[in-house]
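Architecture and fold: a report
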Amino acid sequence: MSTSEPRPTARTVGGLDDTAAGPALDLLPAKEVVLGPGTPVRRLLPTLGRRMVGAWAFVDHYGPDDVAATTGMQVTPHPHTGLQTVSWLIEGSVHHRDSLGSDVTFGPRQLALMTAGHGIAHSEQSPVPHPRFLHGAQLWVALPDGARDTAPAFEHHAALPGFASDGLTATVLMGSFGGATSPGTAYSPLVGVDLDLAAGADVEVPLEPDFEHALLGAAGGADVEGAPLAHGAMVYLGTGRRSVRIRTDAPTRLLLLGGEPFEERLVMWWNFVGRSGEEITEYAERWNDGDARFGAVPGFGEDERQLAPALPPVPLKARGRVR
Ligand code: MN
């Protein structure tokens, strides 16, 4: 997906001063954002209260939306740099195409992992025909400096490892969890896990104490360490936890996101992650000029590309974080 805001703001993210030195239980309410024509999403990262959780730098949650009578998701070609996109569906189906020639339709519990690295362009659309409901999360992982210029790549993993016990079925999207390791390529220590909880579950979910973590209410809500987590909301758990207690009344899906606190400072603007305003400006100009850095997505005309909006009048620079 794309941020697709008409006037995106530049954000400086990363750095250890935003990381809790110990356990936290901070509810992060979602910000409603409209992507393109009538596609509302809930943005959980970055928000005013928190910019990153480990290397996870962007979290949008959408649905369940009834798209039976609509064209569903229609995200036309747009570029990315310096990040990975992790697409995760609870319900529905998405057709991904990119400038590497990837042409993949993926569904629930499958990992669509795109490493933008040096530069890539992609599109995401509901196929024709498509399932009635569309429900999922679009996540970005920031690439560390040593990997951010890597060659672009796309991975589709239709089967992912996990385990089931005590009313919990865990599916590992990224990293390792409970002895299972995702085949998805990761460039920094992180974890992403789908927690599918039965009604009446009461589980202690193991955590890596050196990581910071957050939980997203992806489908339904739960009680997290005694605090209610609603559908579409996120709770930041801080660092230093060996486990988190989760209880449910009804069947619930949570996304556990975590990782080693991301030390580097980043500049995020529109669909780009860079290290300076000058870099971001160059990415935007090159994309809008049709530069070969990003390539072209087969199947789309030149006039179907999403162009980068006007850059802010003040030069983008890596300012100190402002809450
Ligand atoms: Mn995208």
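Just so you know, the residues in each chain are numbered from 1, in the order the chain's sequence is written. Given that the model is predicted, a residue must reach a pLDDT of at least 70 before its local features are reported, and side-chain atom pairs must reach 80 or more before they are shown or counted; all residues, however, enter totals for whole chains, interfaces and linings. Note that water and hydrogens are dropped before the side-chain values are worked out from all heavy atoms of the structure.

Per an unreviewed UniProt entry, the chain goes by Pirin and derives from Geodermatophilus nigrescens. According to the UniProt record, the Sequence similarities (unreviewed entry) comment for the chain is "Belongs to the pirin family." UniProt positions are given in the numbering used here, feature names are shortened, and annotations may be inferred rather than shown by experiment.

This part covers the UniProt feature "binding site: Fe cation" (unreviewed entry) in the chain. Sites flagged by UniProt as "binding site: Fe cation" (unreviewed entry) map to His 78, His 80, His 122 and Glu 124. In three dimensions, the annotated residues from a span of 47 residues occupy one location, with a maximal C-alpha spread of 13.3 Å. Secondary structure elements are taken from DSSP: a helix is a run of H or I of four residues or more, a strand is a run of E of two residues or more, and numbering for both begins at the N terminus. By the secondary structure assignment, His 122 is in strand 11 (residues 120-125). In protein, a polar contact requires one atom able to donate a hydrogen and another able to accept it; more generally it is a pair of N or O atoms within 3.5 Å, and residues adjacent in sequence count only if both atoms are side-chain atoms. Polar contacts involving the side chain of His 122 include one to the side chain of His 78, which spans 3.0 Å.

Time to look at the packing of aromatic side chains. Two rings belonging to Phe, Tyr or Trp (six-membered ring only in the last case) form a pair when the distance between their centres is within 6.5 Å. Interplanar angles under 30 degrees mark stacking, angles over 60 mark edge-to-face geometry, and anything in between is tilted. All told, the structure shown has 7 aromatic pairs when counted by the stated rule. An angle of 50° between the planes, with centres 6.5 Å apart, marks the rings of Trp 269 and Trp 270 as tilted. To sort residues, take the accessible area from a 1.4 Å probe on protein chains only and compare it with the maximum for the residue type: under 20% means buried, over 50% means exposed, and anything in between is partly exposed. Owing to a relative accessible area of 0%, Trp 269 belongs among the buried residues under this scheme. Trp 270 gets classed as buried once you look at its relative accessible area, which sits at 5%. Ring plane angle 40° and centroid distance 6.1 Å describe the contact between Phe 272 and Phe 294, whose orientation is recorded as tilted. With Phe 272 in strand 27 (residues 272-274) and Phe 294 in the segment after helix 1 (277-288), the pair connects residues that are 22 residues apart, well separated along the chain. Under the relative-accessibility criterion, Phe 272 is labelled buried at 0%. Here a set of aromatic residues connected by ring pairs shows up, and it is made of Trp 269, Trp 270, Phe 272, Tyr 283, Trp 287 and Phe 294.

Residue alternation in strand 19 (residues 202-206) divides its side chains into a buried set, Val 203 and Val 205, and an unburied set, Asp 202, Glu 204 and Pro 206. In this sheet, strand 24 (residues 243-247) lies alongside strand 19 in antiparallel orientation, the contact comprising 5 bridges. Each residue of the ladder has a partner; that of Pro 206, found in strand 24, is Ser 243. In this description, strands pair whenever DSSP reports at least two bridges between them.

As a further point, take the side chain of His 135. Positionally, His 135 belongs in strand 12 (residues 133-142). Taking the relative accessible area as the measure of exposure, His 135 reaches 3% and is therefore buried. A distance of 3.4 Å separates polar atoms of two side chains, one belonging to His 135 and the other to His 61. Only heavy atoms enter the contact rule, under which two residues are in contact if any of them lie within 4.5 Å. In contact with His 135, other than residues within four places in its own chain, are His 61, Tyr 62, Gly 63, Pro 64, Leu 89, Ile 90, Glu 91, Ala 218, Ala 219 and His 231.

Time to look at the environment of Asp 166. Inspection of the secondary structure puts Asp 166 in the loop between strand 14 (162-165) and strand 15 (168-174). The spacing of Asp 166 and Ala 198 is 32 residues in sequence and 8.7 Å in space, taken between C-alpha atoms. In this structure, Asp 166 is in contact with Ala 201 and Val 203, ignoring residues within four places of it in sequence.

Here the focus is the nonpolar core. We call a set of buried residues a nonpolar core when its members are Ala, Val, Leu, Ile, Met, Phe, Trp, Tyr or Cys and they connect through side-chain atoms within 4.5 Å of each other. Within the largest apolar cluster, 57 residues are counted, with the highest numbers of intra-cluster contacts made by Trp 56, Val 86, Leu 139 and Met 174. A per-element tally of this core places strand 12 first, with 6 residues. Leaving out residues up to four positions away in the same chain, Trp 56 has contacts with Leu 45, Arg 51, Val 86, Leu 139, Trp 140, Val 141, Met 174, Leu 190, Val 191, Gly 192, Leu 257 and Gly 258.

Bringing the sheet that holds strand 15 into the picture now. By definition, the strands of a sheet pair up through backbone hydrogen bonds, in either a parallel or an antiparallel sense. Across the sheet, 7 strands lie side by side as 2-23-20-25-18-15-14; this open sheet has antiparallel pairing. Each end of this open sheet is capped by a strand with a single partner; those strands are strand 2 (23-28) and strand 14. Averaged over all pairs of adjacent strands, the angle between their axes in this sheet comes to 20°, without regard to strand direction. Pairing between strand 2 and strand 23 (residues 234-238): 4 bridges, direction antiparallel. With axes taken as lines fitted to C-alpha atoms, and helix axes fitted only over the stretch in contact, angles between N-to-C directions fall between 0 and 180 degrees.

Read across the sheet, 4 strands follow the order 19-24-21-22 without closing on themselves; strand pairing throughout is antiparallel. Every interior strand has two partners, whereas the edge strands, strand 19 and strand 22 (227-229), have only one. When the angles between neighbouring strand axes are averaged without regard to direction, this sheet yields 35°.

What follows is about the environment of Gly 179. Within the secondary structure, Gly 179 is located in the loop between strand 16 (176-177) and strand 17 (180-181). Overall, the relative accessible area of 83% leaves Gly 179 in the exposed class. Distance in space between the C-alpha atoms of Gly 179 and Phe 163 is 8.7 Å, their sequence separation being 16 residues.

When you line up the elements, Arg 42 lands in strand 4 (residues 39-45). For Arg 42, a relative accessible area of 16% puts it in the buried group. For the pair Arg 42 and Leu 237, spaced 195 residues apart in the sequence, the C-alpha separation amounts to 20 Å. Ignoring any residue separated from it by four or fewer positions in sequence, one finds Arg 42 in contact with Ala 30, Lys 31, Glu 32, Val 59, Asp 60, His 61, Tyr 62, Gly 63, His 231 and Gly 232. Within the structure, Arg 42 has its side chain in polar contact with the backbone oxygen of Gly 63 (distance 2.7 Å).

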